[in-house]
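Here's the letter readout for the chains.
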2 protein chains.
Amino acid sequence: MDKRVEILNKLRELMKEAGVTYYYVTTADYHGSEYVNDFFKEREFLSGFTGSNGNLLVGQDFAGLWTDGRYFIQAEKELQGSEIALYRMGEEGVPTVNEFLKCHCKDGDVIGFDGRTISLQFGKDLQKKLGEGITLADQQDLADALWENRPSMPCEPLVCFPEEIYGASLAEKLEQVRAEMKKENCQSFVSSKLDDNMWLLNLRGSDVECNPVALSYVVVTEVEAYFFVQDSAMTPVAKERLDNYHIHIKPYEDIMTFLESEVIPKNVLVDQYSCSFTFYRILEKSHSVKVASSPIVLLKGVKNPVELQHMEQVYLEDSAALTKFICYMKTKADIPSMNEYTAAMLLDDYRRALPEFQDLSFPTISGFKENAAMMHYEATADNAKRLEREGMLLVDSGGQYPGGTTDVTRTFALGPVDTTIKEHFTLVAKGMLALTHAKFLYGCTGRNVDILARQPLWERGIDYKCGTGHGVGYDLNVHEGPQNIRWKFLPEMKEAVLEPGMVVTNEPGVYIEGSHGIRTENVMVVKTLEKNGDGQFLGFDTLTYVPIDRELIIPELLGEIGREQLNEYHKQVYDKISPYLSREEKDWLQEATAPIL
Amino acid sequence: MDKRVEILNKLRELMKEAGVTYYYVTTADYHGSEYVNDFFKEREFLSGFTGSNGNLLVGQDFAGLWTDGRYFIQAEKELQGSEIALYRMGEEGVPTVNEFLKCHCKDGDVIGFDGRTISLQFGKDLQKKLGEGITLADQQDLADALWENRPSMPCEPLVCFPEEIYGASLAEKLEQVRAEMKKENCQSFVSSKLDDNMWLLNLRGSDVECNPVALSYVVVTEVEAYFFVQDSAMTPVAKERLDNYHIHIKPYEDIMTFLESEVIPKNVLVDQYSCSFTFYRILEKSHSVKVASSPIVLLKGVKNPVELQHMEQVYLEDSAALTKFICYMKTKADIPSMNEYTAAMLLDDYRRALPEFQDLSFPTISGFKENAAMMHYEATADNAKRLEREGMLLVDSGGQYPGGTTDVTRTFALGPVDTTIKEHFTLVAKGMLALTHAKFLYGCTGRNVDILARQPLWERGIDYKCGTGHGVGYDLNVHEGPQNIRWKFLPEMKEAVLEPGMVVTNEPGVYIEGSHGIRTENVMVVKTLEKNGDGQFLGFDTLTYVPIDRELIIPELLGEIGREQLNEYHKQVYDKISPYLSREEKDWLQEATAPIL
């Protein structure tokens, strides 16, 4: 018998004992992190499915796995023999988990799950859909008992850089947070989001892949602040700093008891996105809970002058590393001996050579030819495509440094490229440059300016199925809110006004399945321009300085304004990056950034 | 003693008798119409203030008038001697009416007003703000008894054009409305909005200035439909049509009793914007009321092919009338003998000469030089500025025809004009043309495309403090929803996706106080372009064909693309409009539309 069938049957016994009708397992940690540590991969343990998105539902005579279009083929393969049915999310006629439960449950039934891995919104929606007759038993981690050799919870030591690099002390940040709590009429605030916690305490960690964060919770009241963190993550330096600021250090695992106790003042603020269903339920019992945006999200999203100054420098060095890689690939590399994976490794090495380098900000994407059309493609040592001296290589990569997080994409030719592809490349560059030069009134959100990047493509009936830009952390998550640049209206997503000091990516692209993928991505800072009777005007400053492949540009298509913008950008690339290059690289860059006429 | 002081004192006596602490009078009819008939101008009667926006609050020792920035000077003048205090809305420290009442009322107090002139939202907000201890007495028209010679309620005969011109019969429209009611899970729908009622019944009226609508209410149930209209507005032809479709005709004044009776099935749909507070209160007593968007708003907003075909023709004739006027003003008129008002009259005469002309779609705006900087300027016979052979005249005007409503603005030189002004004119034209040529994916709202019109101005640090475009009716109101083109996010305003068949204006401008005002306005229809794997692309077709003053264009500033777009537009203007012109006018138009190099 398949090992998984055995385990599921054991699980069903435990469910019976616990009185649970359906048991539900998600793919999430307790903090809504983008990357999930092995410790939290219970769904993978139970189902054998390894994709990054998938939720498992188990009943006495049923087991089903829900996943999205990226994983249909992989899931089908991996689920073979498991007796788990595949539910293809988004396909017509396929019910959501909520709909499935609504259809199969009757009053008196109990749905079990670990509510720390479920968002407040999902839990509330589920309860609403199922009605009060069905119980949500949200404090169940049934599979834990079956999981022999469960990986241990990650617990790396806290990292404690000098506070000066953050431009604001822990005390100042606490004051800002308390001011925001007051505006919301709340006397306390519970924060589960790891990057928010790190930002507030001016600490870093390494418990989540590519995210310099430590597993933790923070509770702030009008006079006190509590930091829940694993004992063995604490270091003397971190402890000293926290003590200096009178932050109470508590064991990570004590958070639930703490929330249950009535230490926390009555009006509690929780973040609508990262507060877990279980936390909400616990707090709700004895508190008035206000569900809103975490005050930290906006405070963290607007970088202060010290942070911006550090980021400028970090981006120059990071840009230089990528420029060196491109130069090497274009001029020296023995391309036929390389594949997408070894190319990525090589680029990572260029970054690792930087003195301040800590980590990648996400696993490097390296896609050759048609593989670049897959937006979230990750080449591995086993599956990587061999490179050739033709077509294009797309590399999307970034690093974590004490002075900032980087994110940059370039697509460049390794040899001859078709005219259609060059056309697409040119239109992408045109849109990217147009958005860079946007000038707009204060009050605009990303939805107002998105069309500037997309228009050259839309004019030709081409779209990219993703946003144009996202916020970027300061030595924190490479994807952060609240701002973004998108065109679609999503009712569940709040639109944030673009504030001076916000950092956003600008990454239009073209993705033609089976043929080619192009993305050109710079990171920009929202800056203040003139203020007059008509309002405060804003624009963008660029942080990324890496050449855009001139070989792939069709000058007429770029247009007069586009050519001026590209030439001006390339002039700056040369001026800013050449100091970091060898003589040979410098010569190459001079040509690579020469004006297009 | 000032007559108004006497009247207010009498009103105070009535208030005492009725147990009313504060009496509140708005500027609105029972239907939220844009123009308010004299019958409804109770606030003007009581206060003497004649502006189009102002609300009066009267207490035993207090009387205050709230109005907006457009009217501060006028109100101050008109209120002299009235003992009514002026509350300048929007100025710092000035409370809103709600805030004032919150501050001055105590439990047990009663606020009296005619709730038919108050929106559901305002009423709800007020009640929420004041709390349950304060009573809103919403069925009070106290001043009626004091108003000798109150104008009678307008009551013009219904207009009954052949149904064919609407592209859908009353029966088909009823079916569409019922389908939408069903989606909302409602068995009945109460409609107060006059243009919605006219659209549904394929009738027109003339009870509101410039709006071809009749004072009326409509109630639709799953099987019946009721039309509440003044007896003497009914004509034999209209009656015959309504009888054919089994529409119950009821006296206008019976609506409240009807809503109070329990004839209407339980789940009632009302429109969130036009349902009055009183209607909501009555219905709420014995019904479950769903407050949502009127299903008619979107149905009416998307024009069908028959309507579009009529509009195309109507716009050509209307464009020709304006073109003739411009030609006359530029080549023949004895300008120094004219003023803004006589110019407007002349333009209105050109429109009146059109065989199908019924009415203006709004009072013609004719602003010379600095007067054009006032967005809602209306020259009167008394205050009009004399014209000269220099500077620019802005005319914003439109007509009502059985086959559509028009709205068009042109600004043109009467003589020499400064270079700065020409720069502004060119940037406005550039933005207008860029928006006209927008290509965008289905799902975009006006917020996504607005920046295309604004960008040339924003690049120079200039903005216009209004939306770029609004929906236009089909022989109905010149301003209609649900779509619009704006950049600002207003939480109270729903954003509507741009649907093929929607008609919108495109009217960027520059308004420099004390110097000049420019607006160039065309009307466009949303049209379908290609559909492919990336989605359904949409664009705009233009309906308005009137030359844009070439004398005011700086070719280099318009740019290569702008010049191409303008030349192409002007070619079409000549091709489409010249058949309506005299030999002489044709010659002028040829020059006026010659390509710019």
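Scoring rules and cut-offs
- Residue positions are counted from 1 within each chain, in the order its sequence is given.
- Key to labels: chains lettered from A, ligands numbered from 1, both in the order written.
- The predicted origin of the model limits local features to residues at a pLDDT of at least 70 and limits the giving and counting of side-chain atom pairs to 80 or more, whereas totals for whole chains, interfaces and linings rest on all residues.
- Note: side-chain values were computed over all heavy atoms of the structure, leaving out hydrogens and water.
- Runs of E in the DSSP output that reach at least two residues are strands. Runs of H or I that reach at least four are helices, and both are numbered from the N terminus.
- When accessible area is computed with a 1.4 Å probe and restricted to protein chains, residues below 20% of their type maximum are described as buried, those above 50% as exposed, and intermediate ones as partly exposed.
- Whether two residues are in contact is decided by their heavy atoms: any pair within 4.5 Å suffices.
- Between rings of Phe, Tyr and Trp, where Trp is taken as its six-membered ring, a pair exists when centres lie within 6.5 Å; planes separated by under 30 degrees are stacked, by over 60 edge-to-face, and by other angles tilted.
- We call a charge positioned over a ring when the NZ of a Lys or the CZ of an Arg lies within 6 Å of the ring centre and within 35 degrees of the ring normal.
- As used here, the term nonpolar core means buried Ala, Val, Leu, Ile, Met, Phe, Trp, Tyr and Cys residues forming a set that is joined through side-chain atoms within 4.5 Å.
- Strand pairing is assigned whenever DSSP detects at least two bridges linking the two strands.
- The fit set for superposing copies consists of C-alpha atoms from residues with pLDDT of at least 70 in both; the fit itself is least squares.
- By this rule, a helix spans an expected 1.5 Å times one less than how many residues it contains.
- Axis lines are fitted through C-alpha atoms, for helices just across the contact stretch, and the angle between N-to-C directions can take any value from 0 to 180 degrees.
- Relative orientations are named as follows: roughly parallel for angles under 35 degrees, roughly antiparallel for angles over 145 degrees, roughly perpendicular for angles from 65 to 115 degrees, and oblique for any other angle.
- Crossings are assigned a handedness: left-handed for a near helix turned anticlockwise from the far helix by less than a right angle, right-handed for a clockwise turn.
- For this classification, Asp, Glu, Lys and Arg are treated as charged, while Ala, Val, Leu, Ile, Met, Phe, Trp, Tyr, Cys and Pro are nonpolar and the rest, including Gly, are polar.
- The salt bridge definition used is simple: a Lys or Arg side-chain nitrogen within 4 Å of an Asp or Glu carboxyl oxygen.
- By definition, the buried area sums, over both parts, the 1.4 Å-probe accessible area that each loses when the two are put together.
- Residues adjacent in sequence count toward polar contacts only when both atoms are side-chain atoms; beyond that, a polar contact is any pair of N or O atoms within 3.5 Å, and within protein one must be able to donate a hydrogen and the other to accept it.

Remarks on the environment of Ala-168 of chain A
Residue and element names in this part refer to chain A.
Thinking step 1. Relative to the elements of secondary structure, Ala-168 occurs in the loop between β6 (135-137) and α6 (170-183).
Thinking step 2. Since its relative accessible area comes to 12%, Ala-168 is described here as buried.
Thinking step 3. It is 8.5 Å that separates the C-alpha atoms of Ala-168 and Val-306, two residues lying 138 residues apart in sequence.
Thinking step 4. In this structure Ala-168 touches Glu-163, Lys-173, Asn-202 and Asn-304, once residues within four positions along its chain are discounted.

Some words on the packing of aromatic side chains
Residues and elements named next belong to chain A.
Thinking step 1. Per the stated rule, a full pass over the model turns up 50 aromatic pairs over all chains.
Thinking step 2. On the basis of an interplanar angle of 75 degrees and a centroid distance of 6.4 Å, the ring pair of Tyr-22 and Phe-62 is categorised as edge-to-face. Separated by 40 residues along the polypeptide, Tyr-22 in strand β1 (residues 22-25) and Phe-62 in strand β3 (residues 62-67) bring together distant segments of the chain.
Thinking step 3. Taken together, the ring pairs connect Tyr-22, Phe-62, Trp-66, Tyr-87 and Phe-100 into an aromatic cluster.
Thinking step 4. For Arg-150, the ring lying beneath its charged end belongs to Phe-39, and the centroid distance is 4.1 Å.

Quick word on the nonpolar core
Thinking step 1. In terms of nonpolar packing, the biggest core is built from 146 residues, with Met-329 of chain A together with Met-329 of chain B touching the most fellow members.
Thinking step 2. In this structure, Met-329 of chain B is in contact with Ile-335, Met-338, Ala-343, Leu-346, Leu-387, Arg-389, Leu-393, Phe-412 and Leu-414 of chain B, ignoring residues within four places of it in sequence.
Thinking step 3. Judged by nonpolar contacts, the second largest core, of 77 residues, contains Val-36, Tyr-166, Ile-255 and Val-268 of chain A.

Topic: the sheet that holds strand β16 (residues 399-401) of chain B
Thinking step 1. Taken in spatial order, the 3 strands line up as β13-β16-β17 (chain B) in an open sheet, and their pairing is antiparallel. Of all the strands in the sheet, the pair left with one neighbour each is β13 (359-360) and β17 (404-405) of chain B.

Here's the deal with the relation of the copies chain B and chain A
Thinking step 1. Each copy of the sequence occupies a distinct position, and chain B is placed on chain A by a rotation of 180 degrees and an axial shift of 0.1 Å, giving an RMSD of 0.1 Å. Overall, the copies show the geometry of a two-fold rotation axis. Across chain B, the rotation axis passes nearest the C-alpha of Asn-448 of chain B, at a separation of 2.7 Å.
Thinking step 2. Interface overlap between copies is the fraction of interface residues in one copy that are interface residues in the other; for chain B against chain A it reaches 100%, indicating a shared surface.

Quick word on helix α14 (residues 419-436) of chain A
Thinking step 1. Between its first and last C-alpha, α14 of chain A extends 25 Å over 18 residues, near the 26 Å set by a 1.5 Å rise per residue.
Thinking step 2. Taken together, the buried positions of α14 of chain A are Ile-421, His-424, Phe-425, Thr-426, Leu-427, Val-428, Ala-429, Gly-431, Met-432, Leu-433, Leu-435 and Thr-436 of chain A.

Things to note about the packing of helix α12 (residues 305-331) of chain B against helix α13 (residues 340-352) of chain B
Residue and element names in this part refer to chain B.
Thinking step 1. At a minimum axis distance of 9 Å, the contact between α12 and α13 shows a crossing angle of 140 degrees. Here α12 is positioned oblique relative to α13, judged by the angle of their axes. The interaxial crossing formed by α12 with α13 has right-handed handedness. Contact residues: Asp-318, Ala-321, Leu-322, Lys-324, Phe-325, Tyr-328 and Met-329 in α12; Ala-343, Leu-346, Leu-347, Tyr-350 and Arg-351 in α13.
Thinking step 2. Within the contact of α12 with α13, the residues separate by chemical class into 9 nonpolar, no polar and 3 charged.

Quick word on the pattern of salt bridges
Thinking step 1. If you walk through the whole model with that rule in mind, you get 82 salt bridges over all chains.
Thinking step 2. A salt bridge links Arg-281 of chain A to Asp-138 of chain A; the nearest nitrogen and oxygen atoms lie 3.0 Å apart. One end of the pair, Arg-281 of chain A, is in helix α10 (residues 277-286); the other, Asp-138 of chain A, is in the loop between β6 and α6, with 143 residues separating them in the sequence.
Thinking step 3. Taking relative accessible area as the criterion, Asp-138 of chain A reaches 7% and is therefore assigned buried.
Thinking step 4. A salt bridge links Glu-495 of chain B to Arg-447 of chain A; its shortest N-O distance comes to 3.0 Å. In this pair, Glu-495 of chain B is assigned in the loop between β21 (480-485) and β22 (503-506) and Arg-447 of chain A in helix α15 (residues 446-458), connecting two distinct chains.
Thinking step 5. Where salt bridges share partners, they join Glu-42, Asp-141, Asp-144 and Arg-150 of chain A into one cluster.

Some remarks on the sheet that holds strand β7 (residues 188-191) of chain A
Residues and elements named next belong to chain A.
Thinking step 1. Here 6 strands make up an open sheet; going across it, the order is β10-β9-β8-β7-β11-β12 and the pairing mixed. Because the sheet does not close on itself, it has two edges, and the strands there are β10 (248-251) and β12 (288-292). Across this sheet, the average inter-strand angle for adjacent strands is 20 degrees, counted without regard to direction.
Thinking step 2. Sheet topology note: the β7/strand β11 (residues 267-271) ladder contains 3 bridges and is parallel.

A look at the interface of chain B and chain A
Thinking step 1. Each partner contributes to the interface: chain B provides 27 residues, whereas chain A provides 27 residues.
Thinking step 2. When chain B packs against chain A, the two sides together hide about 2,400 Å² of surface, and 54% of this comes from carbon and sulfur.
Thinking step 3. When the buried area of chain B at its contact with chain A is split by residue, Arg-447, Asn-448 and Trp-458 of chain B rank highest and sum to 22% of it.
Thinking step 4. For the pair chain B and chain A, the interface holds 2 salt bridges.
Thinking step 5. Contributing elements (two or more residues each) for the side of chain B that touches chain A: β19 (440-441), α15 (446-458) and β25 (522-532) of chain B.
Thinking step 6. Sorting elements by how many residues they give to the side of chain B that touches chain A places α15 of chain B first, with 7 residues.
Thinking step 7. When the residues that make up the side of chain B that touches chain A are grouped by side-chain class, the tally is 12 nonpolar, 6 polar and 9 charged.

A closer look at the pairing of strand β18 (residues 408-413) of chain B
Residue and element names in this part refer to chain B.
Thinking step 1. The buried fraction of β18 is high, at 6 of 6 residues.
Thinking step 2. Of the two faces of β18, the one lined by Val-408, Arg-410 and Phe-412 and the one lined by Thr-409, Thr-411 and Ala-413 are each fully buried.
Thinking step 3. Sheet topology places strand β15 (residues 392-397) next to β18; 6 bridges connect them, and they run antiparallel. Each residue of the ladder has a partner; that of Ser-397, found in β18, is Val-408.

What about the packing of helix α5 (residues 120-130) of chain B against helix α10 (residues 277-286) of chain B?
All names here are of chain B.
Thinking step 1. At a minimum axis separation of 7 Å, α5 and α10 run at an interaxial angle of 75 degrees. Classified by the angle their axes make, α5 and α10 are roughly perpendicular. Here Leu-120, Gly-123, Lys-124 and Gln-127 of α5 come into contact with α10, specifically with Phe-277, Tyr-280 and Arg-281.

Regarding the side chain of Thr-405 of chain B
All names here are of chain B.
Thinking step 1. Looking at the element boundaries, Thr-405 is found in strand β17.
Thinking step 2. The class for Thr-405 is buried, based on a relative accessible area of 0%.
Thinking step 3. Polar contacts involving the side chain of Thr-405 include one to the main-chain amide nitrogen of Leu-476, which spans 2.9 Å.
Thinking step 4. Setting aside its immediate chain neighbours within four residues, Thr-405 contacts Met-311, Tyr-315, Ser-361, Gly-399, Gln-400, Val-472, Gly-473, Tyr-474, Asp-475, Leu-476 and Val-478.

Read these as spatial facts, not as claims about activity.
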